[in-house]
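Observations on the three-dimensional arrangement
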Amino acid sequence: MAITSLDLANLRIDLSDILSWRIAQSPRFIQLFSQLVSEDGGGNTTPAVVATQTEHKWLEGVETPKTKAFTAYSYSTGSGTFTVADSTGWIVGDLFHILGDSAVLKISSVTATTIVVTAIVAQNGSSLDLSTYTASSGGTLIFDSRPIQEGSTSGESVFLQSGSASNYTQIFRADVDLTGTAIAVGQFGNENDVTLQIQHATDTIIRRMNSSLIFGVKTARTASIPGSMGGLYYFGTAADGLSNAQSGTPALKMNMINISAQMITEAGGIPDLILCGAGQGQVISTFMNSQVRIDQNSQTVGRNVNQFVTSAGGNVLKVFIDPSIPDTDVWVCDSRGFNLVPLNGRALHTEPATAPGTDGVRAMILGEYTAEFKNAKQSLCRISGLQDSATTLASTP
């Protein structure tokens, strides 16, 4: 007799491949999350990275540029003094420059909260003058190098201890119920087929995952509270992360995207993505027509993808539309740190869940996943407080 899916009464079926395929066809944020897998040589794939605890930890891998923010500058008797929160790591003799200027300066003395220079080592085309330089709102000092004297006996310690971050796992489940009558009666083609219903349930889970990846809140599991994973807004709005908040609800402009991309670049990331809703996506297309490139071969979103080259470092940024993103927000991201990770042995799967004596069939679709947002504080920059897209488009010639 022919074997159908209903004959496999006690079989657990892995849905990882189906999940990956359905995600690849889904024009939503979740499509940007890598699902790292390995092959066994026989065409079978398994997750290459899995969570082994409900709190999944990862190492932060981006080494940020060596910078110091200064809050004040003063000049007196031949010395320029930059006031910083903490000068740790910078020593006498270090060379640096001020963000936005090409002149190279050399540290002549340093205290816990000040960095002092007495002369400009090289103008490098700059007109900077220590005696007349002003910075009312502060700025950023960028470390260049540490020249070492001949015959040295020790050098700079460059051992890098990566930081770590974590996210909690979240259980996703959907059940398919078909009565014996529904299975026996052909309703509208094959809607009474368990396999088709499992596909529909998988799509439902993908939509729920997508919402969690955007709006999810990192919550530890307790006896009374289901654990949940944090998403884009949780990791991307951290107090010490990057932000390009606007005041006065202005219309989205190209320079806002460029500034955000520059912030990511200066923090050590590589911006490659603009994430927004459909409305702001239309706004971007109106003011960036000269910058937009149509990639006819891309499979990322449908047939075509809008890309443009930002003036901040020349990075190519992909415009990705997800209708869930609030209309007053646009995100600029380094998407290399996005990963979707299953709990060990808990990748999406289906198995029978029919109770004895039930007139029908029930199948359970279940998986437990978390999301990695590596280096979120250097990779995610939210442009917030924007004018709604409808108003902007209405005023666009």
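Our subject is the structure that appears above.
Predicted model only: the values in this text are computed from it and were never measured.

Thoughts on the overall build of the protein
- Along its length, the protein carries eight helices and 22 strands.
- By sequence separation, contacts in the protein at least 24 residues apart represent 70% of the contacts at least 6 residues apart.
- Summed over its atoms, the accessible surface of the protein is roughly 20300 Å², and 52% of this surface lies on carbon and sulfur atoms.

Comments concerning the pairing of strand β8 (residues 104-110)
- Bridge count between strand β7 (residues 95-98) and β8: two bridges; the pairing is antiparallel. By the bridge assignment, L95 is partnered in β8 with K106.
- As consecutive antiparallel partners, β7 and β8 are separated by five residues, and within that stretch G100 has a phi angle of approximately 95°, a positive value.
- Of the strand pairs in this sheet, β8 and strand β9 (residues 114-122) are connected by five bridges, and their pairing is antiparallel. Across the sheet, residue V110 finds its bridge partner in β9, namely I115.
- In this antiparallel pair of consecutive strands, β8 and β9, the connection spans three residues.

Overview of the packing of aromatic side chains
- Scanning all chains against the criterion turns up 16 aromatic pairs.
- Aromatic side chains F29 and F33 sit 5.1 Å apart centroid to centroid with 85° between the ring planes, which places their arrangement in the edge-to-face category.
- For F29, a relative accessible area of 0% gives the class buried.
- Note on Y233 and W331: the rings are 5.1 Å apart at their centroids and 85° apart in plane angle, and the pair reads as edge-to-face. Of this pair, Y233 sits in helix α4 (residues 232-236) while W331 sits in strand β18 (residues 330-333); the two residues are 98 residues apart in sequence, bridging distant segments of the chain. The same class applies to Y233 as to W331, namely buried.

Overview of the nonpolar core
- Counting residues in each nonpolar core, the largest one holds 43 residues, and the members touching the most others are F29, L232, F338 and F373.
- The set of elements that each furnish at least two residues to this core consists of α1 (16-24), β12 (170-179), α3 (194-215), α4, β14 (273-276), β18, β19 (338-342) and β21 (360-373).
- Examining the composition of this core, we find that eight residues originate from one element, α3, more than from any other.
- Once you skip the residues sitting within four places of it in the chain, F373 turns out to touch F29, F33, W58, E60, L213, G230, G231, L232, F235, G337, F338 and L380.
- Counting 18 residues, the second largest nonpolar core, distinct from the first, contains L242, I257, I284 and L317.

Topic: the pairing of strand β5 (residues 67-76)
- For β5 and strand β10 (residues 139-145), the ladder comprises four bridges, and the chain directions are antiparallel. Bridge pairing links A69 to T140 in β10.
- Summarising the sheet, β5 and strand β6 (residues 79-84) pair through six bridges and their orientation is antiparallel. In the sheet register, S74 faces β6, and the bridge partner there is T81.
- Taking the residues that link successive antiparallel strands as the turn, the β5-β6 hairpin has two residues, and the phi of T77 there is positive, at about 45°.

What about the environment of Q31?
- For Q31, the position within the fold is in the loop between α1 and β2 (37-39).
- On the accessibility criterion, Q31 (17% relative accessible area) is buried.
- Q31 sits 175 residues away from I206 along the chain, and the two C-alpha atoms are 9.8 Å apart.

Comments concerning the sheet that holds β9
- Read around the barrel, six strands follow the order β5-β6-β9-β8-β7-β10 and close on themselves; strand pairing throughout is antiparallel. Geometrically, the sheet is characterised by an average inter-axis angle of 50° between neighbouring strands, direction not taken into account.
- Bridge count between β6 and β9: four bridges; the pairing is antiparallel. Counted as the bridge partner of F82 is I115 from β9.

Things to note about the side chain of T202
- Take T202: it is sitting in helix α3.
- With near-sequence residues (within four places) excluded, T202 lies in contact with L15, I18, L19, L348 and I365.

Brief notes about the pattern of salt bridges
- By the definition in use, this model includes eleven salt bridges.
- Linking D203 and R22 is a salt bridge whose minimum nitrogen-to-oxygen distance equals 2.5 Å. Of this pair, D203 sits in helix α3 while R22 sits in helix α1, and the two are 181 residues apart along the sequence.
- In this structure, the salt-bridge partner of K374 is E372, at a minimum N-O distance of 3.9 Å.

So, how was this worked out
- Residues numbered from 1 in each chain as written.
- Predicted model: local features only at pLDDT ≥ 70, side-chain atom pairs only at ≥ 80, totals over all residues.
- Heavy atoms only, no water.
- Helix = DSSP H or I, 4+ residues; strand = E, 2+ residues; numbered from the N terminus.
- Contact = heavy atoms within 4.5 Å.
- Areas by Shrake-Rupley, 256 points an atom, 1.4 Å probe, with all protein chains shown as cover.
- Pairing = 2+ DSSP bridges.
- Phe/Tyr/Trp six-rings, centres within 6.5 Å; stacked < 30°, edge-to-face > 60°.
- Buried < 20%, exposed > 50% of the residue type's maximum accessible area, 1.4 Å probe, protein only.
- Core = buried A, V, L, I, M, F, W, Y, C linked by side-chain atoms within 4.5 Å.
- Axes fitted to C-alpha atoms, helices over the stretch in contact; angles between N-to-C directions.
- Salt bridge = Lys/Arg side-chain N within 4 Å of Asp/Glu carboxyl O.

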